[in-house]
Amino acid sequence: QVDLVESGGGLVQPGGSLVISCAASGFTLDHYDIGWFRQAPGKEREAISCISGSGSGTHYSDSVKGRFTISRDNAKSTVYLQMTSLKSEDTGVYYCAPVWYRPPERLCAPVYDYWGQGTQVTVSS
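Okay, so let's go over this structure. Here the structure is a predicted model, which is why all the values come from computation and not from measurement.

### Regarding the state of the cysteines
Thought 1: Per the counting criterion, the structure on display carries 2 disulfides.
Thought 2: Bridging Cys-22 to Cys-96, the disulfide has an S-S length of 2.1 Å. Where Cys-22 bonds to Cys-96 through sulfur, the torsion about that S-S bond is close to 80 degrees, and the disulfide is right-handed. With Cys-22 in strand β3 (residues 18-23) and Cys-96 in strand β9 (residues 92-102), the pair connects residues that are 74 residues apart, well separated along the chain. Here Cys-22 and Cys-96 have matching classes, each one buried.
Thought 3: The disulfide partner of Cys-50 is Cys-108, and the gap between their sulfur atoms is 1.9 Å. Taking the torsion about the S-S bond as the criterion, the Cys-50 to Cys-108 disulfide, at about -70 degrees, is left-handed.

### What to know about the packing of aromatic side chains
What characterises a pair of aromatic rings is the spacing of the ring centres plus the angle enclosed by the ring planes.
Thought 1: Evaluation of the coordinates by the stated rule reveals 3 aromatic pairs.
Thought 2: Judged by centre distance (4.9 Å) and plane angle (80 degrees), the rings of Phe-37 and Trp-115 are edge-to-face. Of this pair, Phe-37 sits in strand β4 (residues 34-39) while Trp-115 sits in the loop between β10 (106-110) and β11 (119-123), and the two are 78 residues apart along the sequence.
Thought 3: Since its relative accessible area comes to 3%, Phe-37 is described here as buried.
Thought 4: Centre to centre, the rings of Tyr-95 and Trp-115 are 5.9 Å apart; their planes meet at 70 degrees, and the pair counts as edge-to-face.

Criteria and cut-off values
Residues numbered from 1 in each chain as written. Predicted model: local features only at pLDDT ≥ 70, side-chain atom pairs only at ≥ 80, totals over all residues. Heavy atoms only, no water. Disulfide = S-S within 2.5 Å. Helix = DSSP H or I, 4+ residues; strand = E, 2+ residues; numbered from the N terminus. Buried < 20%, exposed > 50% of the residue type's maximum accessible area, 1.4 Å probe, protein only. Phe/Tyr/Trp six-rings, centres within 6.5 Å; stacked < 30°, edge-to-face > 60°.

So this is what it looks like as structure tokens:
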């Protein structure tokens, strides 16, 4: 089990940008493939992006492709999600978690069924 903490969420206007972070302290994050998930009120949690341990492989869901960028800085044990052109439908709690990065059979699927507090992203005018 790894301990990851999401941060950086907040209120942003439609069309705006925001960067959220997934940080681990005390261990080497490059050992893990990491995914970002989000859950809107009344909806199921969905995978929106993931990145391989080295950072060489990335994947995006159709709903965010072209607008979001996932990246990582393993020296800082942090994975980032850069969000641009935000829409109201992007509103939700964003989580990060270890995932499988084995395209195409296991891509962005969570390895474990455990989740942290997440970080709230609200897109509203």
